[in-house]
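Structure assessment
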Amino acid sequence: ALSQHRRVTFFLDDLQFADPASLLLIASMLSNTKESSHVFFACCYRDDDILKGSPFTMWLSSINIFPLEVMELQNISTEGVNELVSETLHLSPRITRPLASILHHKTSGNPLFLRQLLDSLKDQGHIYLNASP
(Lines give C-alpha, C1' and ligand atoms only; values in the text may rest on other atoms or scores of the structure.)
Protein backbone atom coordinates (compact mmCIF):
# COMPACT_ATOMS: atom_id res chain seq x y z
CA ALA A 1 0.00 0.00 0.00
CA LEU A 2 1.15 3.52 -0.72
CA SER A 3 0.21 4.89 2.66
CA GLN A 4 -1.46 3.32 5.66
CA HIS A 5 -0.74 5.92 8.33
CA ARG A 6 0.07 9.24 6.66
CA ARG A 7 -1.81 11.14 4.04
CA VAL A 8 -0.19 11.37 0.62
CA THR A 9 -1.21 13.76 -2.15
CA PHE A 10 -0.18 13.37 -5.78
CA PHE A 11 -0.63 16.39 -8.05
CA LEU A 12 -0.16 15.51 -11.70
CA ASP A 13 -0.41 18.31 -14.24
CA ASP A 14 -0.65 18.32 -18.05
CA LEU A 15 -1.62 14.65 -18.24
CA GLN A 16 -2.68 15.15 -21.86
CA PHE A 17 1.06 15.02 -22.68
CA ALA A 18 1.81 11.85 -20.67
CA ASP A 19 3.16 8.82 -22.49
CA PRO A 20 1.23 5.50 -22.40
CA ALA A 21 3.60 3.91 -19.84
CA SER A 22 3.08 6.79 -17.42
CA LEU A 23 -0.68 6.63 -17.87
CA LEU A 24 -0.58 2.91 -17.14
CA LEU A 25 1.43 3.56 -13.97
CA ILE A 26 -1.05 6.22 -12.82
CA ALA A 27 -4.00 3.87 -13.45
CA SER A 28 -2.22 1.18 -11.44
CA MET A 29 -1.67 3.61 -8.57
CA LEU A 30 -5.34 4.62 -8.72
CA SER A 31 -6.34 0.96 -8.61
CA ASN A 32 -4.09 0.19 -5.64
CA THR A 33 -5.43 3.11 -3.63
CA LYS A 34 -9.12 2.83 -4.55
CA GLU A 35 -10.16 1.97 -0.99
CA SER A 36 -7.64 4.20 0.80
CA SER A 37 -8.68 7.44 2.44
CA HIS A 38 -5.02 8.37 2.93
CA VAL A 39 -4.11 8.88 -0.72
CA PHE A 40 -5.43 11.75 -2.82
CA PHE A 41 -4.83 12.30 -6.53
CA ALA A 42 -5.32 15.64 -8.27
CA CYS A 43 -4.90 15.11 -11.99
CA CYS A 44 -5.07 18.05 -14.37
CA TYR A 45 -5.26 18.27 -18.12
CA ARG A 46 -6.21 20.79 -20.76
CA ASP A 47 -9.07 19.52 -22.84
CA ASP A 48 -8.19 21.88 -25.69
CA ASP A 49 -4.82 20.09 -26.10
CA ILE A 50 -6.28 16.58 -26.46
CA LEU A 51 -6.22 14.83 -29.82
CA LYS A 52 -9.03 12.39 -30.56
CA GLY A 53 -7.81 8.81 -30.39
CA SER A 54 -4.72 9.74 -28.42
CA PRO A 55 -3.49 7.44 -25.63
CA PHE A 56 -4.78 10.00 -23.14
CA THR A 57 -8.39 9.92 -24.43
CA MET A 58 -8.40 6.13 -24.25
CA TRP A 59 -6.88 6.24 -20.73
CA LEU A 60 -9.39 8.86 -19.61
CA SER A 61 -12.33 6.72 -20.69
CA SER A 62 -10.80 3.65 -19.00
CA ILE A 63 -10.44 5.19 -15.54
CA ASN A 64 -14.16 5.86 -15.07
CA ILE A 65 -14.27 2.67 -12.97
CA PHE A 66 -12.63 4.62 -10.13
CA PRO A 67 -14.56 6.97 -7.86
CA LEU A 68 -13.68 10.31 -9.43
CA GLU A 69 -14.81 13.83 -8.80
CA VAL A 70 -14.44 15.97 -11.89
CA MET A 71 -14.03 19.73 -11.64
CA GLU A 72 -14.03 21.65 -14.87
CA LEU A 73 -12.32 25.02 -14.71
CA GLN A 74 -13.12 27.76 -17.16
CA ASN A 75 -11.07 30.71 -18.34
CA ILE A 76 -11.67 34.05 -16.65
CA SER A 77 -14.38 36.22 -18.20
CA THR A 78 -13.67 39.76 -19.40
CA GLU A 79 -15.40 41.05 -16.26
CA GLY A 80 -13.25 38.77 -14.09
CA VAL A 81 -10.08 40.00 -15.79
CA ASN A 82 -11.21 43.57 -15.18
CA GLU A 83 -11.82 42.83 -11.52
CA LEU A 84 -8.35 41.28 -11.21
CA VAL A 85 -6.63 44.20 -12.96
CA SER A 86 -8.63 46.74 -10.96
CA GLU A 87 -7.71 45.13 -7.64
CA THR A 88 -4.07 44.59 -8.67
CA LEU A 89 -3.53 48.20 -9.76
CA HIS A 90 -5.78 49.69 -7.04
CA LEU A 91 -7.82 51.52 -9.66
CA SER A 92 -11.52 51.79 -10.40
CA PRO A 93 -12.90 49.06 -12.69
CA ARG A 94 -14.14 51.86 -14.94
CA ILE A 95 -10.54 52.99 -15.49
CA THR A 96 -9.09 49.48 -16.00
CA ARG A 97 -11.83 48.23 -18.35
CA PRO A 98 -9.99 49.09 -21.63
CA LEU A 99 -6.77 47.41 -20.45
CA ALA A 100 -8.68 44.39 -19.16
CA SER A 101 -10.44 44.03 -22.50
CA ILE A 102 -7.10 43.95 -24.33
CA LEU A 103 -5.60 41.51 -21.81
CA HIS A 104 -8.62 39.22 -22.14
CA HIS A 105 -8.40 39.32 -25.92
CA LYS A 106 -4.68 38.43 -25.87
CA THR A 107 -4.96 35.64 -23.25
CA SER A 108 -8.51 34.35 -23.84
CA GLY A 109 -8.87 34.63 -20.08
CA ASN A 110 -6.33 31.87 -19.37
CA PRO A 111 -5.19 32.65 -15.80
CA LEU A 112 -1.59 31.53 -16.38
CA PHE A 113 -1.19 33.54 -19.58
CA LEU A 114 -2.88 36.54 -17.96
CA ARG A 115 -0.48 36.48 -14.99
CA GLN A 116 2.52 36.09 -17.31
CA LEU A 117 1.39 38.99 -19.50
CA LEU A 118 0.78 41.24 -16.48
CA ASP A 119 4.21 40.35 -15.08
CA SER A 120 5.82 41.07 -18.44
CA LEU A 121 4.06 44.45 -18.74
CA LYS A 122 5.17 45.33 -15.20
CA ASP A 123 8.78 44.19 -15.80
CA GLN A 124 8.95 46.28 -18.99
CA GLY A 125 7.61 49.34 -17.15
CA HIS A 126 4.38 49.55 -19.17
CA ILE A 127 2.21 49.27 -16.05
CA TYR A 128 3.02 50.06 -12.46
CA LEU A 129 1.32 50.59 -9.15
CA ASN A 130 1.21 54.21 -8.07
CA ALA A 131 0.84 54.00 -4.31
CA SER A 132 0.38 57.73 -3.82
CA PRO A 133 -3.15 59.17 -4.09
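Residues numbered from 1 in each chain as written. Predicted model: local features only at pLDDT ≥ 70, side-chain atom pairs only at ≥ 80, totals over all residues. Heavy atoms only, no water.

The N-to-C vectors of helix 1 (residues 20-32) and helix 2 (residues 55-62) enclose an angle of 10°; their axes lie 10 Å apart at closest approach. As summarised for this structure, helix 1 and helix 2 are arranged roughly parallel, according to the angle between their axes. Residue-level contacts link Pro20, Leu23, Ile26, Ala27 and Leu30 of helix 1 to Pro55, Phe56 and Trp59 of helix 2. Partitioned by chemical class, the residues of the contact of helix 1 with helix 2 number eight nonpolar, no polar and no charged. (Axes fitted to C-alpha atoms, helices over the stretch in contact; angles between N-to-C directions. Helix = DSSP H or I, 4+ residues; strand = E, 2+ residues; numbered from the N terminus. Parallel < 35°, antiparallel > 145°, perpendicular 65-115°, else oblique. Contact = heavy atoms within 4.5 Å. Nonpolar A, V, L, I, M, F, W, Y, C, P; charged D, E, K, R; others polar.)

What follows concerns the packing of helix 4 (residues 93-107) against helix 5 (residues 111-123). One way to put it is that helix 4 packs onto helix 5 with a least axis distance of 9 Å and a crossing angle of 125°. Taken together, the axis directions place helix 4 and helix 5 in an arrangement best described as oblique. Pair helix 4 / helix 5 crosses with right-handed handedness. Only Phe113, Leu114, Leu117, Leu118 and Leu121 of helix 5 make contact with helix 4, whose side of the interface consists of Leu103, Lys106 and Thr107. Residues that form the contact of helix 4 with helix 5 fall into these classes: six nonpolar, one polar and one charged. (Left-handed = near helix turned anticlockwise from the far one by under 90°.)

On to the nonpolar core. Ranked by size, the top nonpolar core spans 13 residues in total, and within it Leu15, Leu30, Trp59 and Ile63 carry the most contacts. Sorting the residues of this core by element identifies helix 1, strand 2 (39-43) and helix 2 as the ones contributing at least two each. Those residues in contact with Leu15 that lie beyond four places of it in its chain are Leu23, Ile26, Cys43, Cys44, Tyr45, Phe56 and Trp59. Membership of the second largest hydrophobic core comes to nine residues, among which are Val81, Val85, Leu89 and Ala100. (Core = buried A, V, L, I, M, F, W, Y, C linked by side-chain atoms within 4.5 Å. Buried < 20%, exposed > 50% of the residue type's maximum accessible area, 1.4 Å probe, protein only.)

If you walk through the whole model with that rule in mind, you get three aromatic pairs. Ring centres 5.0 Å apart and planes at 15° place the aromatic pair Phe10 and Phe41 in the stacked group. Residue Phe10 is found in strand 1 (residues 8-12), and its partner Phe41 is found in strand 2; the two are separated by 31 residues along the sequence. Judged by its relative accessible area of 23%, Phe10 is partly exposed. Judged by its relative accessible area of 15%, Phe41 falls in the buried class. Here a set of aromatic residues connected by ring pairs shows up, and it is made of Tyr45, Phe56 and Trp59. (Phe/Tyr/Trp six-rings, centres within 6.5 Å; stacked < 30°, edge-to-face > 60°.)

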